[in-house]
Amino acid sequence: MEKKEFKAESRRLLDLMVNSIYTNKEIFLREIISNASDAIDKLCLMALTDPSIGLRRSDFEIDLAIDKEKRTLTVSDNGIGMSAEELEQNLGTIAFSGSAGFREQLKTETPENASEADIIGQFGVGFYSAFMVSDRIDVVSRKYGETEAHRWSSGGADGFTIEPAQRGTQGTDVIMHIRPDGEEKDEYSRYVREYPVYKLVKKYSDYVRFPIKMLLPRPKEMEGSTPEDPKFEEEWVFETLNSMVPLWKRRKTEVEPEEYDRFYTENFDDKNVPQKVLPISVDGKVSYDALLYIPSKAPEDYYSDEFRPGLALYSSGILIMERCEELLPDYFNFVRGVVDSPDLSLNISREMLQHDRQLKLIGEHLEKKVKGELEKMLKDDRKAYERFFKNFGRQLKLCALEDYGAKQEQLQDLLLFWSSTEKGLTLLSEYVSRMKPDQKYIYYASGDTIEAIDRLPQTEVLKDGGYEILYFSDKMDEFVADMFRKYADKPFRSVLDGDLGLAPAEKKDEALYKEGLDFIKKTLGEKVDEVVSSSRLKSHPVCLSSGDGITFEMERYFKAVGQDMPVKAKRILEVNTDHAAFAAIDRTMTANPDKAAKYCEVLYNQALLIAGLPIEDPSAYTDLLCSLW
Ligand code: ADP
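This text gives an overview of the structure that appears in the document. (Residues numbered from 1 in each chain as written. Predicted model: local features only at pLDDT ≥ 70, side-chain atom pairs only at ≥ 80, totals over all residues. Heavy atoms only, no water.)

### Some words on the packing of helix 18 (residues 580-591) against helix 19 (residues 593-610)
Piece 1. Close contact between helix 18 and helix 19 brings their axes to 6 Å; oriented N to C, the two are set at 150°. In terms of axis orientation, helix 18 runs roughly antiparallel to helix 19. The element helix 18 and its partner helix 19 pack so that their crossing is left-handed. Touching Ala581, Ala584, Ile585, Thr588, Met589, Thr590 and Ala591 of helix 18 are Pro593, Ala596, Tyr599, Cys600 and Leu603, all from helix 19.
Piece 2. Grouping the constituent residues of the contact of helix 18 with helix 19 by class yields 10 nonpolar, 2 polar and no charged. (Axes fitted to C-alpha atoms, helices over the stretch in contact; angles between N-to-C directions. Helix = DSSP H or I, 4+ residues; strand = E, 2+ residues; numbered from the N terminus. Parallel < 35°, antiparallel > 145°, perpendicular 65-115°, else oblique. Left-handed = near helix turned anticlockwise from the far one by under 90°. Contact = heavy atoms within 4.5 Å. Nonpolar A, V, L, I, M, F, W, Y, C, P; charged D, E, K, R; others polar.)

This is the structure we're talking about:
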């Protein structure tokens, strides 16, 4: 029998397969099954247009068979089949679709700069991938319309033979002689065991549109067994392994909500049913089906580096990538699910993905869908949105910070902040719609908890004036405000800021308090930059403000990150001259200046505490307080 040589590029690819340098070997089964499915598709299409063929869709199937003794795994189809010439042409050369991409790559990249393992990873290398797990492959095929069959056989790089063979009907058997195990236990033997093969079919080929059948052992209850003492015996059943019609291909109205939920809990490592299910079906410039989920809880590792985002990407029901990150922007990376498009090539690489036009279009569309769904939730079910925001709001804020501009536009109307007047979460747009006619700024106050912020003396005058304040209890909030600067042309402004843009209160007669204020300044010396009579305090005696420059939050932040250069905010001590504490100083400063000085110290330290700044000498402060008893 004449031995034929593989064409040069094929030999190179084959060498790679035979030497099996690619780690994800299991994809070979996906490739062989997808060839079988393509072959059936071709004949099916012919049968559709030519009734004399006399075959119906339901006549087609793909059968898997395992022979443990001979150590073979066989994939059979009753599709179009191949003639002797086609066997030589198709399996002897890399010439077609996916493999052609590989050829291009081999041509353009020199071996030095392209890792061949990478190339294999990028391209599903089709039929040859079976050599990663087989030391010999026989292909017995009979072309539709012919009576003769042929056997193509190859042990790898040494070439292949073609000889006449027998086959009852049209179609192809790919008989893979599985390699002996290497160092790793069960490295190849798993491909001649039913259960692992079944798992691979489920993983990669569950949605192939023709039944994939295999004999599987099933426990069968034996006669004479009782419920307390069941006896089982194995029975072999020819079973369909794949579910064929993917959930996302079924009409929304025909799927029970539980089916959507179950698909999620079974496939996405999450016991909790999702908060939201989004089945999407698009037929247009680009066609695709998608099934997206918003989880009801953030995964444990969500805000860590461990978290791996991405949607599963299918091309006509065949899995091409488990986690494709390119489909959704970072700020929606909590979305799980699948995308299936017939417009995508099976052999798409990660690098190609970034430039793939179809994928870009799908991505843009999905982003709009997710955003639309969140907006709808905001409008129709505020409670649900707040639950969502509790899980993933931080991610939206983080992303808003990352890249000012485009993302602010996208995200600003999805963010919620606590409102002093609503006593709950509010949108910036809602805040702005409630602003008073003379109000220039969006006010905010920061602190550790809502309660602590609510007690800040600086919020008093705004609250009394009926102004709404956003309470930033998440560290991130303040950075977001800082990044945004404005919303709807209204600048953000901290309640600690020297200028709150309020109409000046009726002028107090400064002269009346001058002596008292001067005394305080003299007592505190360098500790404060100014001592002024405050217009914003009602029940509290003092507060610190920082003027226009560096704020106390910034000072705290720079201290926390260990900035070398000391950054210090200006300290303006604002005194409530209507308060009993000021009156006490005013009263005692001449008769008992020592005692009045102590009052000044106490007030200053209180102001520091309220501003969230450390008091300089805590034990001196407590001694001071005790000395006043
Ligand atoms: P690709 O499927 O990307 O074209 P392959 O190397 O997997 O590349 O297969 C090469 C060609 O061999 C296919 O294009 C097809 O024409 C033919 N072929 C492979 N498997 C079968 C099969 N089971 N039945 C019919 N033709 C097949």
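Next comes the rest of the description.
### Here we look at the packing of aromatic side chains
Piece 1. For the structure shown, the criterion picks out 29 aromatic pairs.
Piece 2. Taking 4.8 Å as the distance between ring centres and 75° as the angle between the ring planes, the aromatic pair formed by Tyr302 and Phe307 counts as edge-to-face.
Piece 3. Since its relative accessible area comes to 4%, Tyr302 is described here as buried.
Piece 4. Within the aromatic cluster, the residues linked to one another by ring pairs are Tyr302, Tyr303, Phe307, Tyr331, Phe332, Phe334, Tyr385, Phe388, Phe389 and Phe392.
Piece 5. Its guanidinium or amino end placed over the ring of Tyr467, Lys436 lies 5.2 Å from that ring's centre, counting from NZ or CZ.
Piece 6. Over the ring of Tyr441 we find Arg493, and its NZ or CZ is 4.1 Å from the ring centre. (Phe/Tyr/Trp six-rings, centres within 6.5 Å; stacked < 30°, edge-to-face > 60°. Buried < 20%, exposed > 50% of the residue type's maximum accessible area, 1.4 Å probe, protein only. Lys NZ or Arg CZ within 6 Å of the ring centre and 35° of its normal.)

### Some points on helix 7 (residues 257-267)
Piece 1. For helix 7, every residue scored as buried is listed here: Tyr260, Phe263 and Tyr264. For helix 7, the angular spread of the buried residues around the axis is 95°, confining them to a single face.
Piece 2. Those residues of helix 7 hidden inside the fold are in contact with strand 9 (276-282), strand 10 (288-294) and strand 13 (336-340).
Piece 3. After helix 7 finishes, the residue Asp269 shows a positive phi value of roughly 50°. (Arc of directions from axis to C-beta.)

### Quick word on the sheet that holds strand 20 (residues 530-533)
Piece 1. An order of 20-22-21 is seen for the 3 strands of this open sheet, with the pairing classed as mixed. Both edges of this open sheet fall to strand 20 and strand 21 (542-545), since each of them pairs with a single strand only. The mean angle between the axes of side-by-side strands here comes to 25°, regardless of whether they run parallel or antiparallel.
Piece 2. As judged from the 4 bridges shared by strand 21 and strand 22 (residues 572-575), these two strands associate in the antiparallel manner. (Pairing = 2+ DSSP bridges.)

Everything listed here is a matter of coordinates, which is why it stays silent on function.
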